[in-house]
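Notes for the structure review
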Amino acid sequence: MGRPGPPWRAHMTEAAASQAAEHPAYLAHQFADETQQFEAATLGMWVFLVTEVSFFGALFATYTIYRHLYFPGFEAGSRLLDVWFGATNTAVLIGSSFTMAMAVRAAQLGRRKALISYLLITMALAIAFLFIKFNFEWAHDYQERLVPGFGFSHPGPHSGAIQLFFCFYFFMTGLHAMHIIVGLGVMAVLVWMAMRGKFDGGHFTPIENTGLYWHFVDIVWIFLFPLLYLVGGRY
């Protein structure tokens, strides 16, 4: 038999075992307890969202200034968009916000199957949004030669302002679509983690923070829809 180790090693092993018992696997070593980790993660998400609000706020302000300067052209450009596609996508994202909220609630209650189901439904709605945007709206705009830099052509006295409007339209909706794609990737990881039993009633911080991000993405679209599709009291 091997020689027994020094007494301090046995004490250290017992201390490590006690610490492992007190610290669940999902609790990072730098945090004292789950509450501290939850508050730190939530604060980090809100700081990130503040930076996003600042970015989109500056973009909205720039758009508003140019819309005021070239209002007739922006109004004419808005009328070239299909408002029903925009309205449909608005309904789709509002529905996805509801299912995301239900996913957070399921995570809080420790209902793994419901959590996975709601996340998958949210992802399906997000994919439906992107499908409508890419396959119908943007494809139609390209066929009508309304994409700046890709043979843009529109007759009339406000052609330059209309092209400027579509520059804002594609940049703002494209940036929003990128955020949706990022959200889809995050939710795919959450589904994989949920299937492996990584979440329970005491650990659902990643789900809740993803819910905050997704609600922000939905709110951005709720601003984009009237700004782009309803210029000049269209209805």
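Because the structure is predicted, anything quoted here is derived from the model rather than measured.

1. Some words on the overall build of the protein
Looking only at helices and strands, one finds seven helices and zero strands in the protein. In sequence order, the secondary structure elements of the protein are arranged as α-α-α-α-α-α-α. When contacts within the protein are restricted to residue pairs at least 6 apart in sequence, those whose partners lie at least 24 apart make up 79%. Of the accessible surface of the protein, which amounts to about 13,100 Å², a share of 68% is contributed by carbon and sulfur atoms.

2. What to know about the packing of aromatic side chains
Using the criterion set out here, one finds 24 aromatic pairs in the structure. Relative to Phe 216, the ring of Phe 56 has its centre 6.0 Å away and its plane inclined at 65°; by these criteria the two rings are edge-to-face. One end of the pair, Phe 56, is in helix H2 (residues 34-69); the other, Phe 216, is in helix H7 (residues 205-229), and 160 residues separate them in sequence. Here Phe 56 and Phe 216 have matching classes, each one buried. Here Tyr 169 and Tyr 229 contribute two aromatic rings whose centre-to-centre distance is 6.3 Å and whose plane-to-plane angle is 80°, an arrangement assigned as edge-to-face. Within this pair, whereas Tyr 169 is found in helix H6 (residues 159-195), its partner Tyr 229 is found in helix H7, the two being separated by 60 residues in sequence. Considered together, Tyr 169 and Tyr 229 belong to a single accessibility category, that of buried residues.

3. Overview of the side chain of Glu 137
Of note, Glu 137 is situated in helix H5 (residues 112-143). In this structure the side chain of Glu 137 is engaged in a polar contact, spanning 2.9 Å, whose partner is the side chain of Lys 133.

4. Quick notes on the packing of H5 against H6
Axes are the key here: two packed helices are described by the angle between their axes and the distance separating the axes. Between H5 and H6, the least distance of the axes is 10 Å, while the angle of their chain directions is 155°. Looking at the two axes, H5 sits roughly antiparallel to H6. In terms of crossing hand, the pair formed by H5 and H6 is left-handed.

5. Things to note about the pattern of salt bridges
All told, the structure shown has two salt bridges when counted by the stated rule. A salt bridge links Arg 79 to Glu 75, with the nearest nitrogen and oxygen atoms 3.3 Å apart. Put simply, Lys 133 and Glu 137 hold a salt bridge, and the shortest N to O gap is 2.9 Å. Here Lys 133 and its partner Glu 137 are both found in helix H5, four residues apart, which amounts to about one turn of the helix. By relative accessible area, which is 0% here, Lys 133 ends up buried. Judged by relative accessible area, Glu 137 falls into the buried class, the value being 3%.

6. Details of the layout of surface pockets
When its volume is computed, the largest pocket comes out at roughly 180 Å³. What lines the largest pocket is a set of 13 residues, among which Leu 49, Val 53, Phe 216, Ile 219 and Val 220 lie closest to the centre. Element by element, the count of residues in the lining of the largest pocket is highest for H2, at seven residues.

7. Considering the packing of helix H4 (residues 83-108) against H7
Running from N to C, H4 and H7 point in directions that differ by 165°, and their axes come no closer than 9 Å. With respect to H7, the element H4 is oriented roughly antiparallel. Along this stretch, H4 crosses H7, giving a crossing that reads as left-handed. For the contact of H4 with H7, a count of residues per class yields 13 nonpolar, nine polar and two charged.

8. What about the environment of Phe 60?
Looking at where Phe 60 falls in the secondary structure, it is placed in helix H2. Note on Phe 60: relative accessible area 15%, which makes it buried. Every residue in contact with Phe 60, bar those within four places of it in the chain, is listed here: Met 172, Val 220, Phe 223, Leu 224 and Leu 227.

9. Let's talk about the environment of Phe 216
In this structure Phe 216 comes out as buried when scored by relative accessible area, which is 10%. Note: C-alpha distance between Phe 216 and Leu 49 (167 residues apart in sequence) is 7.7 Å. The residues touching Phe 216, leaving out its near neighbours within four places in the chain, are Leu 49, Glu 52, Val 53 and Phe 56.

About the thresholds
- Residues numbered from 1 in each chain as written.
- Predicted model: local features only at pLDDT ≥ 70, side-chain atom pairs only at ≥ 80, totals over all residues.
- Heavy atoms only, no water.
- Helix = DSSP H or I, 4+ residues; strand = E, 2+ residues; numbered from the N terminus.
- Contact = heavy atoms within 4.5 Å.
- Areas by Shrake-Rupley, 256 points an atom, 1.4 Å probe, with all protein chains shown as cover.
- Phe/Tyr/Trp six-rings, centres within 6.5 Å; stacked < 30°, edge-to-face > 60°.
- Buried < 20%, exposed > 50% of the residue type's maximum accessible area, 1.4 Å probe, protein only.
- Polar contact = N/O pair within 3.5 Å; in protein donor to acceptor, adjacent residues only side chain to side chain.
- Axes fitted to C-alpha atoms, helices over the stretch in contact; angles between N-to-C directions.
- Parallel < 35°, antiparallel > 145°, perpendicular 65-115°, else oblique.
- Left-handed = near helix turned anticlockwise from the far one by under 90°.
- Salt bridge = Lys/Arg side-chain N within 4 Å of Asp/Glu carboxyl O.
- 1 Å grid on protein atoms, 1.4 Å probe; cavity = no way out; pocket = protein on both sides within 12 Å on 5 of 7 lines; lining within 4 Å.
- Points joined across faces, edges and corners; volume = space filled by probe spheres on them.
- Nonpolar A, V, L, I, M, F, W, Y, C, P; charged D, E, K, R; others polar.

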